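# Observations on the model geometry
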Amino acid sequence: MTSEFEGDRSHLLATLQIELDPELLDLALTHRSYSYEHGGVPTNERLEFLGDSILGQAVTVMLYTTYDALDEGELAKRRASLVSTVALAEIARTIGLGPFLKLGRGEELTGGRDKASILADTMEALIGATFLDQGADVATALVLRLVAPLASDPSRFGVTMDPKTSLQERAAANGYEAPVYSIAESGPDHQKAFHATVTLTRAKGGGEPLTATGDGSSKKQAESIAAATAFALLAPPAAKA
């Protein structure tokens, strides 16, 4: 099994600091939209399922052993942040994953290479593939390398548990009115996709509105991703002049 990106994949593997069987790597990069348009070839969804479990375990053990002064609630908050769709998509963008995805034409035309949900799912699939090909120790080491920059940034942990509330509070502190959300739906009833847009307008007028988007398999997920994205775009009030 090959793809148009085959020649460039050595760069992706070098960035991840792993080796991976070419066919397994190809599978990890294959989104279901590509499968639908190419005769039902296997997708990365099973690898994603496996990778999600490995990711959660690795992050849980890392947090437990590193932060012995934190209680269960704070550990859970940090874990939720580090394994969230927003965090995984951020990691995927940092390593330049988008161009390597195998997508159907529909997703290609609607910006699928930068959709948080697709990027996050593919990161989990890559973790799952690493586990199958290289074993638990290598897969765990990969997870820890990927999340290390995020784990060292405490400012991200508050927003994950309730992105919409966190955004509303930060927006108000920065002089914006309450966030306004809009939702667009696509796909068949059994496989709906949701695209959320959140818009922030200055309370006293002036300046262009701030907007951010998010995609998900439910309205709530899409709005949460949009809110977390907008939150990251707003400077903390204390940092403003």
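Residues numbered from 1 in each chain as written. Predicted model: local features only at pLDDT ≥ 70, side-chain atom pairs only at ≥ 80, totals over all residues. Heavy atoms only, no water.

## Here's the deal with the overall build of the protein chain
Secondary structure assignment for the protein chain yields twelve helices and three strands. At 19 Å, the protein chain has a C-alpha radius of gyration in line with the 18 Å of a compact globule built from 241 residues. Seen through its principal axes, the protein chain has C-alpha atoms that stretch 55 × 45 × 30 Å. Going through the 241 residues of the protein chain one by one, you find that 43% of them count as buried. Long-range contacts, defined as pairs at least 24 residues apart, comprise 58% of the intrachain contacts of the protein chain with a sequence gap of at least 6. (Helix = DSSP H or I, 4+ residues; strand = E, 2+ residues; numbered from the N terminus. Rg over C-alpha atoms; globule rule 2.2 N^0.38 Å. Buried < 20%, exposed > 50% of the residue type's maximum accessible area, 1.4 Å probe, protein only. Contact = heavy atoms within 4.5 Å.)

## Focus: the side chain of asparagine 174
Note on placement: asparagine 174 falls in the loop between α11 (163-173) and β1 (180-186). A polar atom in the side chain of asparagine 174 sits 2.8 Å from the backbone oxygen of arginine 170. (Polar contact = N/O pair within 3.5 Å; in protein donor to acceptor, adjacent residues only side chain to side chain.)

## Points about the packing of helix α4 (residues 45-66) against helix α9 (residues 136-151)
The N-to-C vectors of α4 and α9 enclose an angle of 60°; their axes lie 9 Å apart at closest approach. Both α4 and α9 take part in a crossing whose hand is right-handed. On α9, the residues that touch Ile54, Leu55, Ala58, Val59 and Met62 of α4 are Ala139, Thr140, Val143, Leu144, Val147 and Ala151. Each residue belonging to the contact of α4 with α9 can be placed in one class, and the counts come to ten nonpolar, one polar and no charged. (Axes fitted to C-alpha atoms, helices over the stretch in contact; angles between N-to-C directions. Left-handed = near helix turned anticlockwise from the far one by under 90°. Nonpolar A, V, L, I, M, F, W, Y, C, P; charged D, E, K, R; others polar.)

## Looking at the sheet that holds strand β2 (residues 193-200)
Pairing is antiparallel in the open sheet, where three strands are placed in the order β1-β2-β3. One side of each edge strand has no neighbouring strand; the edge strands of this open sheet are β1 and β3 (210-216). In this sheet, adjacent strand axes meet at a mean angle of 20° when their direction is disregarded. (Pairing = 2+ DSSP bridges.)

## Quick notes on the nonpolar core
Leu12, Leu16, Leu97, Met123 and Leu126 are the most contacted members of the largest nonpolar core, which totals 46 residues. Elements with a contribution of two residues or more to this core: α1 (9-16), α2 (22-28), α4, α5 (72-82), α6 (85-94), α8 (116-134) and α9. Ranked by residues supplied to this core, first place goes to α8 with nine residues. Setting aside its immediate chain neighbours within four residues, leucine 97 contacts Leu12, Leu29, Ala92, Leu119, Thr122, Met123 and Leu126. Formed by 15 residues, the second largest nonpolar core is a distinct cluster that contains Val198, Leu210, Ala222 and Ala227. (Core = buried A, V, L, I, M, F, W, Y, C linked by side-chain atoms within 4.5 Å.)

## Considering the packing of aromatic side chains
In total, this model carries zero aromatic pairs according to the counting rule given. Over the face of the ring belonging to tyrosine 67 we find arginine 78, whose NZ or CZ atom lies 4.9 Å from the ring centre. Above the face of the tyrosine 181 ring, lysine 164 is positioned so that its terminal group lies 4.6 Å from the ring centre. (Phe/Tyr/Trp six-rings, centres within 6.5 Å; stacked < 30°, edge-to-face > 60°. Lys NZ or Arg CZ within 6 Å of the ring centre and 35° of its normal.)

## Side note on a negative patch on the surface
There is a patch of like negative charges on the surface, built from Glu19, Asp21, Glu23 and Asp133. Secondary-structure assignment places glutamate 23 in helix α2. (Patch = residues over 30% accessible without salt bridge, like charges linked within 9 Å, V, L, I, M, F, W, Y side chains within 5 Å. Areas by Shrake-Rupley, 256 points an atom, 1.4 Å probe, with all protein chains shown as cover. Salt bridge = Lys/Arg side-chain N within 4 Å of Asp/Glu carboxyl O. Lys, Arg positive; Asp, Glu negative; His and termini not counted. Charge placed at Lys NZ, Arg CZ, Asp CG, Glu CD.)

## Comments concerning the environment of leucine 97
One can find leucine 97 in the loop between α6 and α7 (105-109). Of the residues examined, leucine 97 reaches a relative accessible area of 0% and is grouped as buried.

## Topic: helix α12 (residues 219-233)
Because each turn of an α-helix spans 3.6 residues, side chains separated by three or four positions end up pointing in the same direction. Over its 15 residues, α12 runs 21 Å from end to end, which matches the ideal 21 Å to within 8%, given 1.5 Å per residue. Taken as a whole, α12 has its buried residues at Ala222, Glu223, Ser224, Ile225, Ala226, Ala227, Ala228, Ala230 and Phe231. (Expected span 1.5 Å × (residues − 1).)

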